[in-house]
Amino acid sequence: LVYTKEWISQRDGKVRDAHIVLDGTEINEDSLFDYNGYRLDSPGDSSLGATPDLTVNCRCFLSYHEKRV
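These numbers come from a predicted model, not from an experiment.

Draft legend 1. Structural view of the pattern of salt bridges. The final tally for this structure, using the stated rule, is four salt bridges. Lys5 is the salt-bridge partner of Asp41, the closest N and O atoms lying 2.8 Å from each other. Of this pair, Asp41 sits in the loop between strand 4 (38–40) and helix 2 (52–55) while Lys5 sits in strand 1 (residues 2–8), and the two are 36 residues apart along the sequence. Taking the shortest distance from any N to any O, the salt bridge between Asp23 and Arg11 comes out at 2.9 Å. Taken together, the residues Asp23 in the loop between helix 1 (17–22) and strand 2 (26–28) and Arg11 in the loop between strand 1 and helix 1 connect sequence positions twelve residues apart. Residue classification places Asp23 among the partly exposed positions, given a relative accessible area of 23%.

As structure tokens, this is what we get:
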């Protein structure tokens with residue numbers, strides 16, 4: 001099995017443009033999300049240099065999936 005993670009936004013009128021772009025993106029569990037060169041391990045992650053406008057008060061979450069190889 002391979003595990004993946006998917007970025008899920010709240011899908012409402014308050015979602016940032018960047019998070020609309022990331023919404024539904026599914027990557028390997030150990031990979032990083034990329035938005036315009038900013039790398040994030042998960043929604044709200046600033047540990048890799050993502051700016052506050054991408055992370056502060058983020059309401060997004062991850063969904064994990066199992067994939068058979």
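Draft legend 2. Region of the structure containing the side chain of Thr55. Looking at the element boundaries, Thr55 is found in helix 2. With relative accessibility at 11%, the residue Thr55 sits in the buried group. In this view, Thr55 contacts Arg16, Leu40, Gly44, Asp45, Ser46 and Ala50; residues no more than four positions away in its chain are not counted.

The rules behind these values
- Residues numbered from 1 in each chain as written.
- Predicted model: local features only at pLDDT ≥ 70, side-chain atom pairs only at ≥ 80, totals over all residues.
- Heavy atoms only, no water.
- Salt bridge = Lys/Arg side-chain N within 4 Å of Asp/Glu carboxyl O.
- Helix = DSSP H or I, 4+ residues; strand = E, 2+ residues; numbered from the N terminus.
- Buried < 20%, exposed > 50% of the residue type's maximum accessible area, 1.4 Å probe, protein only.
- Contact = heavy atoms within 4.5 Å.

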